[in-house]
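Next come the chains, spelled out residue by residue.
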Amino acid sequence: MKTFSRRKFLTQTTNSLAVAGVASLLPQSAWSQPKEANDLIRVAVVGVGWKGGQHVEEFSKIPGVQVAALCDADLDRANEAATKLREAHQKVTVY
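Here the structure is a predicted model, which is why all the values come from computation and not from measurement.

## So, the overall build of the protein
Logical step 1: Across its full length, the protein holds 3 helices and 3 strands.
Logical step 2: Across the protein, helices and strands are ordered from the amino to the carboxyl terminus as α-β-α-β-α-β.
Logical step 3: For the protein, with 95 residues in total, the buried portion stands at 25%.
Logical step 4: Sequence separation of at least 24 residues holds for 54% of the intrachain contacts in the protein that already meet a minimum separation of 6.
Logical step 5: A total accessible area of about 7,000 Å² is found for the protein, and carbon and sulfur atoms account for 58% of it.

Quick look at the structure:
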């Protein structure tokens, strides 16, 4: 039987889910656009290093999507990402 480490499983699962999540928000068809102010999609990103930083950048480019919260074990890193969003006039909370 082939061994499958927990680390490899988590890495592959996380990457697959992240790609699927971003891909599901990317289509710019009429059904994916908010109709009212209450339809704003708010997302949180946990871990804003390499891949998480890319997620923050891509989510902030999508109309109707707001990065509402950032979380990272390194508070300086989280605050740095939050500062970039705030400079772009986005409200974000750091955890």
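Okay, back to it.
## Comments concerning the sheet that holds strand S2 (residues 65–71)
Logical step 1: Spatially, 3 strands are ordered S1-S2-S3 in an open sheet, and the strand pairing comes out parallel. Edge positions in the sheet fall to strand S1 (41–46) and strand S3 (93–94), since each has one partner strand and no second.
Logical step 2: Sheet analysis places S2 next to S3, joined by 2 bridges and oriented parallel. Bridge assignment links leucine 70 to a residue of S3, and that residue is valine 94.

## Here's the deal with the pattern of salt bridges
Logical step 1: Per the stated rule, a full pass over the model turns up 2 salt bridges.
Logical step 2: Across the salt bridge formed by glutamate 58 and lysine 61, the nearest N and O atoms sit 3.4 Å from each other. Here lysine 61 and glutamate 58 lie together in helix H2 (residues 50–61), a separation of 3 residues that amounts to about one turn.
Logical step 3: Of the residues examined, lysine 61 reaches a relative accessible area of 54% and is grouped as exposed.
Logical step 4: Through salt bridges with shared partners, a single network forms among Glu57, Glu58 and Lys61.

## Points about the side chain of glutamine 90
Logical step 1: Tracing the backbone shows glutamine 90 in the loop between helix H3 (75–87) and S3.
Logical step 2: In this view, glutamine 90 contacts Ser60, Val67 and Leu85; residues no more than four positions away in its chain are not counted.

## What about the nonpolar core?
Logical step 1: Counting residues in hydrophobic clusters, the biggest one holds 13 residues, and the most contacted among them are Val45, Val48, Val56, Phe59, Val67, Leu70 and Leu85.
Logical step 2: Only S1, H2, S2 and H3 provide two or more residues apiece to this core.
Logical step 3: Residue contacts for valine 48: discarding those within four places in its chain leaves Gly53, Val56, Leu70, Cys71, Asp72, Arg77, Ala78 and Ala81.

## Quick notes on the pairing of S2
Logical step 1: Most of S2 sits inside the fold, with 5 of its 7 residues counted as buried.
Logical step 2: Strand direction decides the pairing type here: S1 and S2, joined by 6 bridges, are parallel. Counted as the bridge partner of isoleucine 41 is valine 65 from S2.
Logical step 3: Running through H2, the crossover from S1 to the neighbouring parallel element S2 is right-handed.
Logical step 4: On the question of chirality, the crossover connecting S2 to the parallel S3 by way of H3 is right-handed.

Reading guide: rules and limits
Residues numbered from 1 in each chain as written. Predicted model: local features only at pLDDT ≥ 70, side-chain atom pairs only at ≥ 80, totals over all residues. Heavy atoms only, no water. Helix = DSSP H or I, 4+ residues; strand = E, 2+ residues; numbered from the N terminus. Buried < 20%, exposed > 50% of the residue type's maximum accessible area, 1.4 Å probe, protein only. Contact = heavy atoms within 4.5 Å. Areas by Shrake-Rupley, 256 points an atom, 1.4 Å probe, with all protein chains shown as cover. Pairing = 2+ DSSP bridges. Salt bridge = Lys/Arg side-chain N within 4 Å of Asp/Glu carboxyl O. Core = buried A, V, L, I, M, F, W, Y, C linked by side-chain atoms within 4.5 Å. Right-handed = clockwise from strand over helix to strand, strands pointing away.

So far we have only geometry, and geometry alone does not tell us how the molecule works.
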